[in-house]
Amino acid sequence: MKVLAINGSARKGGNTSQLLQNVLDELDNEGIETELIELAGKSVPGCIACYKCFEKKNQRCAVDNDIINEMIEKMRESDGILLGSPTYFADVSASMKGLIERCGMVSRANGDMYKRKVGAAVVAVRRAGASHVFSSLNNFFTIGQMIIVGSSYWNIGIGKDPGDITKDEEGIKTMKDLGHNMAWLLKKIHG
Ligand SMILES: Cc1cc2nc3c(=O)[nH]c(=O)nc-3n(C[C@H](O)[C@H](O)[C@H](O)COP(=O)(O)O)c2cc1C
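Residues numbered from 1 in each chain as written. Predicted model: local features only at pLDDT ≥ 70, side-chain atom pairs only at ≥ 80, totals over all residues. Heavy atoms only, no water.

Asks: If you had to explain the site of the ligand to someone new, which residues and values would you point to?
Replies: Every one of the 17 residues lining the ligand counts as a neighbour, but Ser9, Thr16, Arg127, Ala128 and Gly159 are closest to it. Asn15 is positioned with one of its backbone polar atoms (N or O) 2.8 Å from an oxygen atom of the ligand. In this structure, Thr87 approaches the ligand through a main-chain N or O atom, which is 2.8 Å from an oxygen atom. For the ligand, the protein covers 76% of the area, taking 640 Å² as the surface of the free molecule. Broken down by secondary-structure element, the contributors of at least two residues to the shell around the ligand are helix 1 (15–29) and strand 4 (118–125). The residue inventory of the shell around the ligand, partitioned by class, reads seven nonpolar, six polar and four charged. (Near = heavy atom within 4 Å. Polar contact = N/O pair within 3.5 Å; in protein donor to acceptor, adjacent residues only side chain to side chain. Areas by Shrake-Rupley, 256 points an atom, 1.4 Å probe, with all protein chains shown as cover. Helix = DSSP H or I, 4+ residues; strand = E, 2+ residues; numbered from the N terminus. Nonpolar A, V, L, I, M, F, W, Y, C, P; charged D, E, K, R; others polar.)

Here is the structure:
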């Protein structure tokens, strides 16, 4: 079993990354393989609405000059998917939006490629807007027939500068509980 985490922050190793890593650590402890991919420094433009994915139905984005096709493939191979984003103007980062649009469209064009995989959203925020980001990320899972796993609070961690998040005790506990619940659910599904 494998869980893939994708961090949409422009800052590698920042708060979103650290929150995701806390979830992954719990999964690791439960013997589940994990991988964290950082979108920082990578160009992830949005969908150009060419609809070629619906014509070709080959599980690939027709815009084949960036990391999206690799991400689609990695998601397809994973049993669980974590999407992490910082809060940027009360919404997901532009990179995460690009990933959602293109991986989501290719999935829809190919009969919901991530159907019944387990998904969870993780959000870093300084002050406000995180609930909207959480909802935006969850929209990716729910439209694609995925199963969302919950935690002891909404999956949000509070901090501004990289590392601040470690001081948010409740946020870290939420991530650990999320990892634990995700491992439990994956083991129930894949027995
Ligand atoms: C472009 C930009 C927009 C932001 N907008 C918000 C916002 O709407 N609300 C908020 O509370 N914090 C906002 N922040 C702060 C980040 O969400 C916060 O610093 C977060 O911890 C960053 O996560 P990271 O370390 O993973 O990049 C913004 C930061 C940037 C760079």
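Asks: Residue-level account of helix 1, with values.
Replies: Between its terminal C-alpha atoms helix 1 stretches 21 Å, which fits the 21 Å expected from 15 residues at 1.5 Å a residue. Residues of helix 1 that are buried include every one of Asn15, Thr16, Ser17, Leu19, Leu20, Asn22, Val23, Leu24, Glu26 and Leu27, and no others. On the buried face of helix 1, the contacting elements are strand 1 (2–7), strand 2 (33–38), strand 3 (80–86), strand 4, strand 6 (156–158) and helix 6 (169–190). Just beyond helix 1, the residue with positive phi is Gly31, at close to 80°. (Expected span 1.5 Å × (residues − 1). Buried < 20%, exposed > 50% of the residue type's maximum accessible area, 1.4 Å probe, protein only. Contact = heavy atoms within 4.5 Å.)

Asks: Tell me about the pattern of salt bridges, and name the residues and values.
Replies: Tallied over the entire structure, the rule returns 11 salt bridges. When the shortest N-O distance is used, the salt bridge between Lys97 and Glu101 registers 2.8 Å. With a gap of four residues between them, Lys97 and Glu101 both fall in helix 4 (residues 94–109), about one helical turn apart. (Salt bridge = Lys/Arg side-chain N within 4 Å of Asp/Glu carboxyl O.)

Asks: If you had to explain helix 5 (residues 130–143) to someone new, which residues and values would you point to?
Replies: For helix 5, spanning 14 residues, the distance from its first C-alpha to its last is 20 Å, which sits close to the expected 20 Å at 1.5 Å a residue. Within the span of helix 5, buried status applies to Ala130, Val133, Phe134, Ser136, Leu137, Asn138, Phe140 and Phe141. Buried residues in helix 5 make contact with helix 3 (68–77), strand 3, helix 4, strand 4, strand 5 (147–148) and strand 6. Positive phi shows up at Gln145, right after helix 5, with a value of about 60°.

Asks: Hey, could you go over the environment of Arg11 for me, with residue numbers and the actual values?
Replies: Mapping Arg11 onto the fold places it in the loop between strand 1 and helix 1. Residue contacts for Arg11: discarding those within four places in its chain leaves Glu38, Ala40, Lys160, Asp161 and Pro162. For Arg11, the side chain forms a polar contact with the main-chain oxygen of Lys160, separated by 2.7 Å.

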